[in-house]
Structure formats: structure tokens, C-alpha cells
Amino acid sequence: MTVESTAARQPRRSAGSKAGTTGAKAAGTKGATGAAKKGASRSKAGSTEPELVQLLTPEGKRVKHAEYDAFVDGITPEELRGLYRDMVLTRRFDAEATALQRQGELGLWASLLGQEAAQIGSGRATREDDYVFPTYREHGVAWCRGVDPANLLGMFRGVNNGGWDPNSNNFHLYTIVIGSQALHATGYAMGVAKDGADSGVIAYFGDGASSQGDVSEAFNFAAVYNAPVVFFCQNNQWAISESNEKQTRVPLYQRAQGFGFPGVRVDGNDVLASLAVTRWALERARRGEGPALIEAWTYRMGAHTTSDDPTRYRHDDERAAWEAKDPILRLRRFLEASNHADEGFFAELETESEALGRRVREAVRAMPDPDHFAIFENVYADGHALVDEERAQFAAYQASFADVEGA
């Protein structure tokens, strides 16, 4: 499916008139840019840990940040409740999808459990005319871009190749090949710049994908051509069963230095910080200041996919430590402490959440069964003897079940 340029489809508008801008003063924006450039080598006093941008502690306490407060200072209680709603509904949908896979309705599912804040915060930082290139786990970002959750499940059931038109939501189809979307996003961003648009592009990938050559190539092209692209790495600590220690010798956000653009590590379980830092990065990209790398420091609470068993490679105490940093719980604590939400709000949201779960379940069960033999089609233009042999073997295997049932 061809993806049209954003600039070709939408007229250019001034940055101040776009939906989703923060209205941050120029001084605040400049300060954030400077902080990001220096942040790669700066650490907190008395600590060897890299600096972590955080605006909301795990206990739900709002903390100030000199560089990034300007990007969320104007946020309203209604918007805060909206962020909370987004995370709760995304988690509910994700849980339903996991259950559907366990019950044989889906072939596979990649859960986002624990990564809701990174996805909702960054997703809500985008404007309508920005373009998003996801991997296969960005269900929260898809939600923010207006993609129906039921559409995401068709691919995992094997009945479509994505289920939505990328041009309708400026949200590309899920990418299974690890890291390739970083190059797609960079090329698209280069086109946006040549079209003269002030739109931004954001590419999502995980810590494991950062080891792929495609990602390094994308960094280099983006830097050399000053492409308006934000690279958003969700570092969930595990590339399937490979820990960070086996992936990199330096914090991932520091890799941006070698390519000549800023990198920032943000608390990926803090929806406010994720929102603020992504707004900063997209705004500078739209102004023509080039790419940026955001490393969202978060955790994959569940399995890599439903075919994975995380108990084989990580300890329960590690998960317990991250459960204490739960992104939804910390925002709820802040809402309650600030009197921005009452029990009525949470009760209504629970009802809405259960309704979403039922709708998704009904939609999936109404889908057709996948064509078991479609995988053999269109492999070669004129057919192939080996493929024909494999198709025959698979047909015999399928037929064996009918023999057993008829016995």
C-alpha cells in the first residue's frame, strides 16, 4: 500500500496554529534543546546513573524540571484524566487480546503491559499531520491515532495485512521486520522536508532493534539530511531473552551523540515526562532542527509475545520492583492527591473499560477463520516445486486431524 506524503495531502500551516502545540516560550524551548545536547554526558550528583527526565514520581508526586516543565505546564485536569483513560483502556484492550490468543482466537499477540505511559505520552504529543511508524507493539500509540483496536487484531488472527489505511490516521501498518521502520520513517521525513511541510515524523523501536544495522543507517541519514524525525526507543530492558547488558555498553540515548543529534532518556513509566519530552523533540523537528533520539526507560511486564516464557530468563523480584513503578497507578495517585478525579470518574471508566473488552471480543469472534493455505500463495510468481511439496505435506497434516475426529 502506497503511503502519500503528508505535505502532499495537507496544506502547510504555521506552527502556532497546529493542534497539539504547547505554546512553550522560545526561551523554554531553547533550554530544553541545550539540556538534551548536554544530558548525554551529565549525571546526577553522586550517581553514576544517566540523567532520567521525570515529572511524576512512582508515588504520584509532581516534580519540577527546568527544561521540560514548559511543555506540560498548561495541561488541564481534563487532559490529565484523558491520559489516565487512555492508559486504562489500552491496558484493558491488551489484556483482552492476550486472553483471546490463549483461547485460540489469535495466532500471536505482543503485549504492551507496563509500557502504557511511554506510548500514550508520546502518542498524545503528536499532531494530526505528523506521521507515525510503529513496530508491532504500539497499541497505545494506535489508540492515540484513532485506529480501532479491533483492526489491530485482524493481522494477529491472520485474516488481513493490517486492517487500516495508513493515510487515514497517519499511522503506518505494523512492521514485523525488526528495525526497518526507522529507515522508512527517515525517508518519509526527508520527503516531508523537501515538500516544505512543518510536520514531524516519529519512529518507534525497541532496545533490541537498536542493534540492527537499519537503525544505525537511519540515524546517519537523518543526521546528514537534517530530517524532521524523532526516534523513540522503548527500552523495556529485554530484547526477548537478551538483557540490556548484552545489548549495549553505553546507555542507548548516548548513541545519538555519535551521529550529531541530541538524545534524552525519559522515565517511560511517567506519562507526563513522556509527553513533554516528545513534544520537545517533535517541535524542534518541525522547526527544521533535525532528528532527536528519545530512550523511554520502561519495562515489559509480560512476555515478549504469547509464544515466549519470561520466567526462563528473568526473576520475579525484578518484575516486582517494576510493578512498584506502575504508570497507571502513579497517575491515579496524582489525580487523587490533586483532587482532579473522584470515585465517580474511576467507576465510569471501569464500566467503559469492560465494554471495550466485550466489543473487542465480539469483533474478533465475528472475523473469519484464516486461510491455512494462504501462506503458500504468491511466494513465487510462477510457482515452485518445493513450495508445492510443502503445501501437499501441510494438507496431509491438516487432513490427519479430520481422520482422528471421525474415528
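Everything here concerns the structure above.
What you are looking at is a predicted structure, and each value in this text was computed from that prediction instead of being measured. (Residues numbered from 1 in each chain as written. Predicted model: local features only at pLDDT ≥ 70, side-chain atom pairs only at ≥ 80, totals over all residues. Heavy atoms only, no water.)

Turning to the overall build of the protein chain, a few remarks are in order. If you tally the helices and strands in the protein chain, you get 15 helices and seven strands. Looking at the protein chain as a whole, 51% of its 407 residues qualify as buried. Within the protein chain, counting contacts between residues at least 6 apart in sequence, those at least 24 apart form 76% of the total. About 18,500 Å² of surface is accessible on the protein chain, with carbon and sulfur atoms providing 51% of the total. (Helix = DSSP H or I, 4+ residues; strand = E, 2+ residues; numbered from the N terminus. Buried < 20%, exposed > 50% of the residue type's maximum accessible area, 1.4 Å probe, protein only. Contact = heavy atoms within 4.5 Å. Areas by Shrake-Rupley, 256 points an atom, 1.4 Å probe, with all protein chains shown as cover.)

Enumeration over the complete set of coordinates arrives at 26 salt bridges. Here Arg62 and Asp73 are joined by a salt bridge, their closest N and O atoms 3.7 Å apart. One end of the pair, Arg62, is in the loop between helix H2 (26-39) and helix H3 (77-102); the other, Asp73, is in the loop between H2 and H3, with 11 residues separating them in the sequence. The shortest N-O distance in the salt bridge between Glu377 and Arg391 comes to 3.7 Å. With Glu377 in the loop between helix H14 (343-365) and helix H15 (385-406) and Arg391 in helix H15, the pair connects residues that are 14 residues apart, well separated along the chain. For Glu377, a relative accessible area of 43% gives the class partly exposed. (Salt bridge = Lys/Arg side-chain N within 4 Å of Asp/Glu carboxyl O.)

Across the seven residues of strand S3 (residues 229-235), seven count as buried, placing the element largely inside the fold. What you see with S3 is no split at all: Val229, Phe231, Cys233 and Asn235 on one side and Val230, Phe232 and Gln234 on the other are buried throughout. Two strands pair when backbone bridges link them, and strand S2 (residues 201-206) and S3 are joined in this way by six bridges, in the parallel orientation. Directly across from Tyr204, in S3, lies its bridge partner Phe232. Taken together, S2, helix H9 (residues 213-224) and S3 form a β-α-β motif whose crossover is right-handed. Sheet topology places S3 next to strand S7 (residues 292-297); six bridges connect them, and they run parallel. Bridge pairing in S7 links Asn235 to Trp297. (Pairing = 2+ DSSP bridges. Right-handed = clockwise from strand over helix to strand, strands pointing away.)

The strand order S1-S2-S3-S7-S6 describes an open sheet built from five strands, whose pairing is parallel. Two strands close off the open sheet at either side, each with one partner strand: strand S1 (131-133) and strand S6 (263-267). With direction set aside, neighbouring strand axes in the sheet form an average angle of 20°. Running over the sheet, H9 touches S2, S3 and S7 and is turned about 150° from S3. (Axes fitted to C-alpha atoms, helices over the stretch in contact; angles between N-to-C directions.)

Relative to each other, helix H4 (residues 116-125) and helix H11 (residues 271-286) sit at 35°, their axes nearing to 7 Å. Of the two possible hands of crossing, H4 and H11 adopt the one that is right-handed. Across the interface between the two elements, Ala117, Ala118, Ile120, Gly121, Ser122, Arg124 and Ala125 from H4 touch Val271, Ser274, Leu275, Thr278, Arg279, Leu282 and Arg286 from H11. Along the lines of polarity and charge, the residues of the contact of H4 with H11 split into seven nonpolar, four polar and three charged. (Left-handed = near helix turned anticlockwise from the far one by under 90°. Nonpolar A, V, L, I, M, F, W, Y, C, P; charged D, E, K, R; others polar.)

Once that is clear, we can look at a nonpolar patch on the surface. Together, Phe221, Val224 and Tyr225 give the surface a local cluster of nonpolar side chains, amounting to about 330 Å² of exposed area. Positionally, Tyr225 belongs in the loop between H9 and S3. (Patch = residues over 30% accessible without salt bridge, like charges linked within 9 Å, V, L, I, M, F, W, Y side chains within 5 Å.)

If you look at the biggest cluster of nonpolar residues, it comprises 66 residues, and the most contacted ones within it are Tyr84, Leu153 and Leu331. Those residues in contact with Tyr84 that sit more than four places away from it in its chain are Ile328, Leu331, Arg332, Leu335, Phe345, Phe346 and Leu349. Counting residues in each nonpolar core, the second largest holds 24 residues, with Tyr131, Phe133, Ala185 and Phe231 among its members. (Core = buried A, V, L, I, M, F, W, Y, C linked by side-chain atoms within 4.5 Å.)

It is worth spelling out the packing of aromatic side chains at this point. Under the criterion given, the structure shown has 28 aromatic pairs. Each ring, one from Tyr299 and one from Trp322, has its centre 5.3 Å from the other, and the planes form 10°; the classification is stacked. Placement of the pair is Tyr299 in the loop between S7 and helix H12 (316-323) and Trp322 in helix H12, with a sequence separation of 23 residues. What makes Trp322 buried here is its relative accessible area of 10%. Where Phe373 meets Phe394, the ring centres are 5.4 Å apart and the plane angle is 70°; that geometry is what we call edge-to-face. Of the two residues, Phe373 is situated in the loop between H14 and H15 and Phe394 in helix H15; the sequence distance between them amounts to 21 residues. (Phe/Tyr/Trp six-rings, centres within 6.5 Å; stacked < 30°, edge-to-face > 60°.)

Looking now at the side chain of Asn169. Structurally, Asn169 can be placed in helix H7 (residues 166-169). Asn169 sits in the buried class, given a relative accessible area of 18%. A distance of 2.9 Å separates a polar side-chain atom of Asn169 from the backbone oxygen of Arg145. A distance of 3.4 Å separates a polar atom in the side chain of Asn169 from the backbone oxygen of Gly146. Setting aside residues no more than four positions away along its own chain, Asn169 makes contact with Arg145, Gly146 and Val147. (Polar contact = N/O pair within 3.5 Å; in protein donor to acceptor, adjacent residues only side chain to side chain.)

Across the interface, H3 lies against helix H6 (residues 149-157) with an axial gap of 11 Å and an inter-helix angle of 30°. Classed by the angle they form, the pair H3 and H6 counts as roughly parallel. The hand of the H3/H6 crossing is right-handed. Residues Phe93, Ala97 and Leu100 of H3 pack against Pro149, Leu152 and Leu153 of H6. Taken together, the residues of the contact of H3 with H6 break down into six nonpolar, no polar and no charged. (Parallel < 35°, antiparallel > 145°, perpendicular 65-115°, else oblique.)

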